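Secondary and tertiary structure notes
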Amino acid sequence: MIPPIANNFVAGETPEAALAHVNGLNDRGVAAILNLLGEHYEDRAAADADADAYVELAQSIADGESDACLSVKPSQIGLGVSEAAFRENLARIVGAADCFVWIDMEDHETTDVTLDAFERHARETDGRVGVCVQANLKRTRGDLERLADLPGKVRLVKGAYDEPAEIAYEKKARVDESYRECLSFMFREFDDGVAVGSHDPEMVELAERLHDEHGTSYEVQMLMGVREEAQFDLARDADVYQYIPYGSKWFSYFYRRIREQKSNALFALRAIVGR
Ligand code: FAD
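Overview of the structure.

To continue, consider the overall build of the protein. Broken down by element type, the protein carries 10 helices and 8 strands. Counting over 275 residues, the protein shows a buried share of 53%. When contacts within the protein are restricted to residue pairs at least 6 apart in sequence, those whose partners lie at least 24 apart make up 70%. Surface accessibility of the protein: about 12800 Å² in total, with carbon and sulfur atoms responsible for 48%. The distance from the centre of the 30 positive side-chain charges to the centre of the 51 negative ones in the protein is 6 Å.

Printed below as a string of structure tokens:
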């Protein structure tokens, strides 16, 4: 069972628990992006089992008419086994799902294969898939030129992986500058909408200004348990999605969230001491 403190960041261990969380969010005007926790499988059976779980989840979303979509990690659905396994499982999920399917971005060694898979499905489904790109990678501004011509949505994040200095910006100020440059390009050049994957108030405000200037549609995406009141406030005027992890492999995800942000750590401490 997930302890109450981790429950702020993870919706539960089962799809039923995750969908119950989604219903509560939808009632407050926030849509959902569901992610079954799991990554870096080197065993085909494990990758296939998670792909099966996503196919079943997509069916439950359709049955319950929830305002929800999926987000999958390449290494969760087979990239650690082979590129063919990843491609097969992704095709199976996208083919079975009525809802939108996002592809998360992992470390820089997976960028090309992930963008290629996105391109294929974006064209085949006429834009019912999305991909995440990372502002900390020096290549991303160039990748956006390619992505601008494709259907489908692109989520811009700052980047969660420690990458070598030759290929990535290391200083936070430089990553933020890259985020602003990439976001401005996307609002100027993208037709199918922009997804702002950030909790940073400065980036969300920049997106609002760019939307007013260019008219490009956009959505804000934030993680479950992070700035949730802001999510509900923003949802009054903009499309807001909450990224919701669930599943039995919750501990390492929860631990990452706690290490990442001092405010989360303080929150955890308060929960432990009961204040
Ligand atoms: P930061 O630069 O971490 O913080 C900027 C400001 O935001 C802070 O100063 C504060 O004002 C505010 N803030 C941030 N966190 C908190 C908090 N906990 N409480 C209160 N205020 C806070 N990364 C990947 O590499 N690949 C992915 O596929 C991916 N998908 C993601 C999907 C979503 C929906 C989101 C939100 C993030 C995703 N990430 C992904 C993670 C991302 O790369 C960043 O590591 C993470 O979002 C932290 O950067 P930030 O832009 O939110 O803000």
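Counted as a void, the largest pocket has a volume near 1600 Å³. In this structure, the largest pocket is lined by 43 residues; those nearest its centre are Lys158, Gly159, Ala160, Arg257 and Glu260. Looking at the lining of the largest pocket, the elements that each hand over two or more residues are β4 (129-134), β5 (153-157), α6 (172-189), β7 (218-223), α9 (251-260) and α10 (262-273). Top element by residues in the lining of the largest pocket is α9. It accounts for 7 residues.

Of the two faces of strand β6 (residues 194-197), both are covered, the one formed by Val194 and Val196 as well as the one formed by Ala195 and Gly197. Considered for its hand, the β-α-β crossover made up of β5, α6 and β6 is right-handed. Relative to β7, β6 is paired through 4 bridges, and the arrangement is parallel. For glycine 197, the partnering residue across the bridge sits in β7 and is glutamine 221.

Another point: the nonpolar core. Leu34, Leu70, Leu144, Leu147, Leu183 and Phe190 are the most contacted members of the largest nonpolar core, which has 70 residues in total. With 6 residues, α6 is the single largest residue contributor to this core. Of all hydrophobic cores here, the second largest spans 20 residues; its members include Ile5, Val10, Leu37 and Val226.

As a further point, take the side chain of threonine 110. The residue threonine 110 is located in the loop between β3 (101-103) and α4 (111-125) in this model. Relative accessible area serves as the criterion here: at 11%, threonine 110 is assigned to the buried category. Among the polar contacts listed, one links the side chain of threonine 110 to the backbone oxygen of aspartate 107, at a separation of 2.7 Å. Once you skip the residues sitting within four places of it in the chain, threonine 110 turns out to touch Leu79 and Met105.

In this section: the site of the ligand. By nearness alone, 25 residues border the ligand, and Met105, Lys158, Gly159, Ser198 and His199 come closest of all. Contact distances for the ligand include 2.6 Å between an oxygen atom and a side-chain N or O atom of serine 198. Between the ligand and aspartate 200 there is a distance of 3.5 Å, counted from an oxygen atom to a backbone nitrogen or oxygen. Protein contacts shield 81% of the accessible area of the ligand, which totals 940 Å² for the unbound molecule. Using a 2 Å cut-off from the grid points, one finds that the ligand occupies the largest pocket. Going through the elements one at a time, β4, β5, β7 and α10 are the ones with two or more residues in the shell around the ligand. Considering each element in turn, the shell around the ligand owes the most residues, 3 residues, to β7.

What the 8 strands build is a closed barrel, ordered β1-β2-β3-β4-β5-β6-β7-β8; its pairing is parallel. Across this sheet, the average inter-strand angle for adjacent strands is 25 degrees, counted without regard to direction. Relative to β6, β5 runs parallel, the two sharing 3 bridges. What sits directly across from leucine 156, in β6, is valine 196. The strands that helix α7 (residues 201-214) touches are β6 and β7; relative to β7, the one it contacts most, it runs at about 170 degrees.

Parameters and conventions
Position numbers for residues count from 1 along each chain, tracking the sequence in the order it is written. Local features in this predicted model are restricted to residues of pLDDT 70 or higher, and side-chain atom pairs are both shown and tallied only at a pLDDT of 80 or more, whereas totals for entire chains, interfaces and linings draw on every residue. Hydrogens and water are ignored here; the side-chain numbers use all heavy atoms of the structure. Numbering of helices and strands runs from the N terminus; a helix is a DSSP stretch of H or I covering at least four residues, while a strand is a stretch of E covering at least two. The buried label goes to any residue with under 20% of its type's maximum accessible area, the exposed label to any with over 50%, and the partly exposed label to all in between, with areas taken from a 1.4 Å probe on protein chains only. Every residue pair with non-hydrogen atoms within 4.5 Å of one another is taken to be in contact. Calculation of accessible area relied on Shrake-Rupley with a 1.4 Å probe; when residues are assessed, cover is drawn exclusively from the protein chains displayed. Positive: Lys, Arg. Negative: Asp, Glu. His and the chain ends are not part of the count. Every charge is mapped onto a representative atom, which is NZ of Lys, CZ of Arg, CG of Asp or CD of Glu. Only protein atoms enter the 1 Å grid used here, on which a cavity is any set of points holding a 1.4 Å probe that cannot leave and a pocket is any open set flanked by protein within 12 Å on both sides along at least five of seven lines; residues with an atom within 4 Å of a point are listed as lining. Grid points are joined across faces, edges and corners, and a volume is the space filled by probe spheres set on the points. The handedness rule is simple: strands pointing away from the viewer, and a clockwise path from the first strand over the helix to the second, make the crossover right-handed. Paired strands are those between which DSSP finds at least two bridges. Residues enter a nonpolar core if they are buried and are Ala, Val, Leu, Ile, Met, Phe, Trp, Tyr or Cys, with the set joined through side-chain atoms within 4.5 Å. Polar contacts, as used here, are pairs of N or O atoms within 3.5 Å; protein pairs need one atom able to donate a hydrogen and one able to accept it. Residues neighboring in sequence count only if both atoms are side-chain atoms. Each residue is tested against the molecule or strand, and it is near if at least one of its non-hydrogen atoms lies within 4 Å. Being in a pocket or cavity means that more than half of the molecule's atoms lie within 2 Å of its grid points. Helix axes use the C-alpha atoms of the stretch in contact, all axes being lines fitted to C-alpha atoms, and the angles between their N-to-C directions lie in the range 0 to 180 degrees.

These results come straight from atomic positions and should not be treated as a statement about function.
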